Amino acid sequence: MRVALRRLIGLIAFLVLWEVIVRVGVLPDNVLPPAFVVLVRFAGLFGNAGFITGAVSTLLSWLIVLGLTVLIAVPLGVLLGSFKWLRLAISPIVEFLRPLPAVALIPLVILLLGSDAETKIALAVFASVWPVLFNTIYAMGEIDSQILDTARVFRTPPVRRLFTVLLPSIAPFTMTGVRLSASISLIVLVTTEYLTLGTAGIGQFVYFSGTTSGRMDMVLAATVFLGLVGYLVNLGLVGIQRRWLGWSAVGGAV
């Protein structure tokens, strides 16, 4: 309760400081509108049909990206974590692809997939798969060998061993990777929408509000929405970790 109260006090202090800086003329209001104006525009976004359409498109794409990320990264991480020779064999490819920024691949992906929703989803999956993958590989190496030996002694079938030993053991680390990927994928989705303009989304809404209309208040209101959604999703994932994975130390390596 005290932590929540301190965070609320910090947020209010930040908004007051923002309002004062703009009102006294330190920054022009056409560049940084007052905090009160932005909050009013934020409340009005939920009656804006264009924003609602873009928000639904972005959030649905986000859910698809997170689902695909888990489906790709967790099995691959378990596989690479189980066979060292395989991990070493493909490590040059992984180390080559991992540093590539997703936005730099936009022209290539547009040529391959066009500029529809598939483009932003593919780029977001590419960017967000790495934290889950590497946390899963790391977690596989941290499993207590005695647990694995016990499962073998009792002749536990491989499939059952996967679901009763391996996945529960790596779950805290994998969930940490999912939390990181959730933030990364949202950023990549909105950035791709902003740069390509080929599909509806919050990024497209921000582009037209800022570039075409010069409405920085609407741009910042949409930014507040994205920040709030990202914060709530992260809070929910942390709650899942504490509620269902509290039996194990939450950790990870990226």
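Up top is the structure these notes are about.
Residues numbered from 1 in each chain as written. Predicted model: local features only at pLDDT ≥ 70, side-chain atom pairs only at ≥ 80, totals over all residues. Heavy atoms only, no water.

Caption draft 1: Examining the environment of Leu 66 more closely. You can see Leu 66 is positioned in helix H3 (residues 49-82). Classification of Leu 66 as buried rests on a relative accessible area of 17%. It is 23 Å that separates the C-alpha atoms of Leu 66 and Val 206, two residues lying 140 residues apart in sequence. Every residue in contact with Leu 66, bar those within four places of it in the chain, is listed here: Ser 181, Ala 182 and Ser 185. (Helix = DSSP H or I, 4+ residues; strand = E, 2+ residues; numbered from the N terminus. Buried < 20%, exposed > 50% of the residue type's maximum accessible area, 1.4 Å probe, protein only. Contact = heavy atoms within 4.5 Å.)

Caption draft 2: Structural context of the packing of aromatic side chains. In total, this model carries 11 aromatic pairs according to the counting rule given. Seen from the ring of Phe 134, Arg 98 lies directly overhead, with NZ or CZ sitting 4.1 Å from the centre. (Phe/Tyr/Trp six-rings, centres within 6.5 Å; stacked < 30°, edge-to-face > 60°. Lys NZ or Arg CZ within 6 Å of the ring centre and 35° of its normal.)

Caption draft 3: Local environment of the nonpolar core. Grouped together as the largest cluster of nonpolar side chains are 57 residues, with contacts concentrated most on Leu 45, Phe 51, Trp 62, Trp 130, Ile 202 and Phe 225. Of all the secondary structure elements, the ones that give two or more residues to this core are H3, helix H4 (84-97), helix H5 (106-113), helix H6 (117-142), helix H7 (145-153), helix H8 (158-196), helix H9 (202-212) and helix H10 (216-244). In terms of residues, this core owes the most to one element, H6, which gives 14 residues. Apart from residues lying up to four places away in sequence, Trp 130 is in contact with Val 94, Leu 97 and Arg 98. Listed in part, the five residues of the second largest apolar core include Trp 18, Val 22, Ala 35 and Leu 220. (Core = buried A, V, L, I, M, F, W, Y, C linked by side-chain atoms within 4.5 Å.)

Caption draft 4: Spotlight on the packing of H5 against H6. It is the contact of H5 with H6, at a shortest axis distance of 9 Å, that shows an interaxial angle of 130°. Our classification of the angle between H5 and H6 gives oblique. Note that H5 runs across H6; the crossing there is right-handed. Residues Ile 106, Val 109, Ile 110 and Leu 113 of H5 pack against Glu 118, Thr 119, Ala 122 and Leu 123 of H6. Of the residues assigned to the contact of H5 with H6, the class counts are six nonpolar, one polar and one charged. (Axes fitted to C-alpha atoms, helices over the stretch in contact; angles between N-to-C directions. Parallel < 35°, antiparallel > 145°, perpendicular 65-115°, else oblique. Left-handed = near helix turned anticlockwise from the far one by under 90°. Nonpolar A, V, L, I, M, F, W, Y, C, P; charged D, E, K, R; others polar.)

Caption draft 5: Representation of the packing of H3 against H4 in the model. Relative orientation of the contacting elements H3 and H4 amounts to 110°, with a least axis distance of 5 Å. When the interaxial angle is binned, H3 and H4 end up roughly perpendicular. Along its contact with H3, which presents Leu 79, Leu 80, Gly 81 and Ser 82, the element H4 presents Lys 84, Leu 86, Arg 87 and Ile 90. Grouping the constituent residues of the contact of H3 with H4 by class yields four nonpolar, two polar and two charged.

Honestly, it's all geometry; don't read function into it.
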